[in-house]
Amino acid sequence: MFGVKKMVSEEKITLDYSPALGFIKPGELEHMAERLRRVHQVLHEKTGPGRDYLGWLEWPLLYDRDEFTRMKEAAERIQRQSEVLVVVGIGGSYLGARAGLEMLLPAPAGEASDRQGVQVLFAGHQLSPAYLARLLDYLRGKEFSLNVVSKSGTTTEPAVAFRFLRRLAEEKYGRSGAAERIYVTTDREKGALRRIAEDEGYERFVIPADVGGRYSVLTPVGMLPFAAAGIDIEAVMAGAAAAYQACSFPELEANECYQYAALRQIFYNRGKTVELLVSYEPALHYLAEWWKQLFGESEGKDGKGLFPAACDFTTDLHSLGQYIQDGRRLFFETVLRVENPGASLEIPRMEDDLDGLNYLAGRDLGFLNEQVLRGTVLAHLDGGVPNLILNIPALTPYYFGYLVYFFEKACAASAYLLGVNPFDQPGVEAYKQNVFALLGKAGYEEQGVALRKRLENMTEVTGK
């Protein structure tokens, strides 16, 4: 894009770090090469922290083809039986699927389109009674199926939602009829959800034991919803396999995934503690949400880690743009630049030209979006914000798979550079323990008394 590292390919997503060169010292990136070579060795020899959760690393080559065939057959059955598929899950059990659906479907989520797949909606990713009540009302007038995604089956949000949805399905179709419309994606050997599926006769798909939730989008966790929605899951896996090959080199100069990880570490060491993932295409909004979980849960430990945030431009230029330009210098930006957005609109000429835009008449709207991107990058560079550019040729299943694998491997490498385990999330459990105690779950009674007393004391101090 900016001429120094312009590498655009029909088969690759490429990293352009030329806009950031003014923020790094000569040779500084090259000095990271030996550290990345050691990280590569730790990853591929599976000797680092979290080594039992590296099943995603070679998944694009070794995934279970028989299960994928069975998944496609289930997707065809869902399409015959249902208008809607409700995916029940939270965190990595839903974000990757939603990211792919939002990026790849030809119409905004929830709206009608001419695609052949079913509409995919989500539940179990929060505890809002208003949201779930509206969803249940909507489903009463639709033919629907359910895909429940959880390794354990006991995570509060999806487990509660599944109770409501399962009851609705059994009321509408009977117990045996509901069993034909409920699909479970869970652990192969253990967990409450697996037991329920066995007892009720639900078809099961496997979340591999060595793949954590936020790394699971290329498994049945994401692939069954994709297939039901009419997305080409073979193309998704082909893109992931291409990324596996492109990211397989231990040499820093040959591996743009590792270059991205190295640059993140350089900026972090300079006090740039917030990474903004920036997109100019609304279809990438939930890709950024998935990315936030991937990096936030993988790196945010032991008082370390970049804070992952996201912006939708140009929308957020009219809200957060002032702070990014002139606020505290905490940021660097990674810009997702889509070379071919998949649509073309010519800006019309108006006789009155009251808005003064006739100088753009005849130009494509995508051209305008690109110039805003370029101008914004330059302005933010002038404001002291380094920018990295990820060039994405198009919003297709192939490039979705490529992008997912690129970020997964970069995230693992980044966490190892920080000296933390990329595959655990001990901090996530803290709020859960408090909630169990406040709700009076067995075994948490003493903790519940202490927490309620603490809340009472806070109320006395504030008077509210």
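Report follows, based on the coordinates. (Residues numbered from 1 in each chain as written. Predicted model: local features only at pLDDT ≥ 70, side-chain atom pairs only at ≥ 80, totals over all residues. Heavy atoms only, no water.)

## Regarding the packing of aromatic side chains
At step 1: What the rule picks out here adds up to 21 aromatic pairs.
At step 2: Members of the aromatic cluster, each reached through a chain of ring pairs, are W56, Y215, Y244, Y405, Y416 and F423.
At step 3: The aromatic ring of Y63 is capped on one face by R65, whose charged end is 3.9 Å from the ring centroid.
At step 4: Across from the ring centre of Y173, 3.9 Å away, lies the NZ or CZ of R181, which sits over that ring. (Phe/Tyr/Trp six-rings, centres within 6.5 Å; stacked < 30°, edge-to-face > 60°. Lys NZ or Arg CZ within 6 Å of the ring centre and 35° of its normal.)

## Description of the pattern of salt bridges
At step 1: Per the stated rule, a full pass over the model turns up 24 salt bridges.
At step 2: Measuring nitrogen to oxygen at the nearest pair gives 3.0 Å for the salt bridge that ties E289 to K292. Here K292 and E289 lie together in helix α11 (residues 285-299), a separation of three residues that amounts to about one turn.
At step 3: Salt bridges sharing common partners tie together E67, R70, R77 and E203. (Salt bridge = Lys/Arg side-chain N within 4 Å of Asp/Glu carboxyl O. Helix = DSSP H or I, 4+ residues; strand = E, 2+ residues; numbered from the N terminus.)

## What to know about the pairing of strand β10 (residues 387-394)
At step 1: Counting buried positions over the eight residues of β10 gives eight, a clear majority of the element.
At step 2: When strand β1 (residues 14-16) meets β10, the two strands line up antiparallel, connected through three bridges. Directly across from L15, in β10, lies its bridge partner L390.
At step 3: Bridge count for strand β9 (residues 331-340) against β10 is seven bridges, and the pairing is parallel. Bridge pairing links N340 to A394 in β10.
At step 4: A crossover connection joins β9 to the parallel β10 through helix α13 (residues 365-382); in handedness this β-α-β unit is right-handed. (Buried < 20%, exposed > 50% of the residue type's maximum accessible area, 1.4 Å probe, protein only. Pairing = 2+ DSSP bridges. Right-handed = clockwise from strand over helix to strand, strands pointing away.)

## Digging into the packing of helix α8 (residues 220-229) against helix α9 (residues 233-246)
At step 1: At a closest axis distance of 9 Å, the pairing of α8 and α9 adopts a crossing angle of 140°. For the element pair α8 / α9, the angle class is oblique. On the side of α8, the interface is formed by M223, F226 and A227, while α9 contributes I233, V236 and M237.
At step 2: For the contact of α8 with α9, the class distribution of residues is six nonpolar, no polar and no charged. (Axes fitted to C-alpha atoms, helices over the stretch in contact; angles between N-to-C directions. Parallel < 35°, antiparallel > 145°, perpendicular 65-115°, else oblique. Contact = heavy atoms within 4.5 Å. Nonpolar A, V, L, I, M, F, W, Y, C, P; charged D, E, K, R; others polar.)

## Re the side chain of E281
At step 1: Here E281 is to be found in the loop between β7 (274-279) and α11.
At step 2: Look at E281: it is buried, it has no salt bridge, and the nearest opposite charge is R337 at 10 Å. (Lys, Arg positive; Asp, Glu negative; His and termini not counted.)

## What about the side chain of N391?
At step 1: Note on placement: N391 falls in strand β10.
At step 2: Owing to a relative accessible area of 1%, N391 belongs among the buried residues under this scheme.
At step 3: At 2.7 Å, the side chain of N391 and the side chain of R337 are in polar contact. (Polar contact = N/O pair within 3.5 Å; in protein donor to acceptor, adjacent residues only side chain to side chain.)

## Description of the sheet that holds strand β3 (residues 119-123)
At step 1: One open sheet holds the five strands; their spatial order is β3-β2-β4-β5-β6, and the pairing between them is parallel. Edge positions in the sheet fall to β3 and β6 (203-206), since each of these pairs with one other strand and no more. On average, adjacent strands in this sheet sit at an angle of 20° to one another, irrespective of strand direction.

## Side note on the environment of A133
At step 1: Relative to the helices and strands, A133 is located in helix α5 (residues 129-140).
At step 2: Under the relative-accessibility criterion, A133 is labelled partly exposed at 37%.

## Describing α9
Think of an α-helix as 3.6 residues a turn; residues three or four steps apart then line up on the same face.
At step 1: The end-to-end C-alpha distance of α9, which contains 14 residues, comes to 20 Å, matching closely the 20 Å that a straight helix rising 1.5 Å per residue would cover.
At step 2: Of all 14 residues in α9, 10 are buried, a share of seventy percent or more.
At step 3: Among all positions in α9, only I233, A235, V236, M237, G239, A240, A241, A243, Y244 and A246 are buried.
At step 4: The opening residue of α9 is D232, an N-cap whose side-chain oxygen sits 3.1 Å from the backbone nitrogen of E234. (Expected span 1.5 Å × (residues − 1).)

## A closer look at the packing of α9 against helix α14 (residues 397-418)
At step 1: Relative orientation of the contacting elements α9 and α14 amounts to 40°, with a least axis distance of 6 Å. In terms of orientation, α9 and α14 fall into the oblique class. Here α9 and α14 pass one another in a crossing that is right-handed. Across the interface between the two elements, A235, V236, A238, G239, A240, A242, A243, Y244 and A246 of α9 pack against P397, Y398, F400, G401, Y402, Y405 and F406 of α14.
At step 2: Across the contact of α9 with α14, the residue classes tally to 14 nonpolar, two polar and no charged. (Left-handed = near helix turned anticlockwise from the far one by under 90°.)

## Section: a nonpolar patch on the surface
At step 1: Taken together, the side chains of L127, V160 and F164 define a hydrophobic patch exposed on the protein surface, amounting to about 250 Å² of accessible area.
At step 2: Positionally, F164 belongs in helix α6 (residues 156-179). (Patch = residues over 30% accessible without salt bridge, like charges linked within 9 Å, V, L, I, M, F, W, Y side chains within 5 Å. Areas by Shrake-Rupley, 256 points an atom, 1.4 Å probe, with all protein chains shown as cover.)

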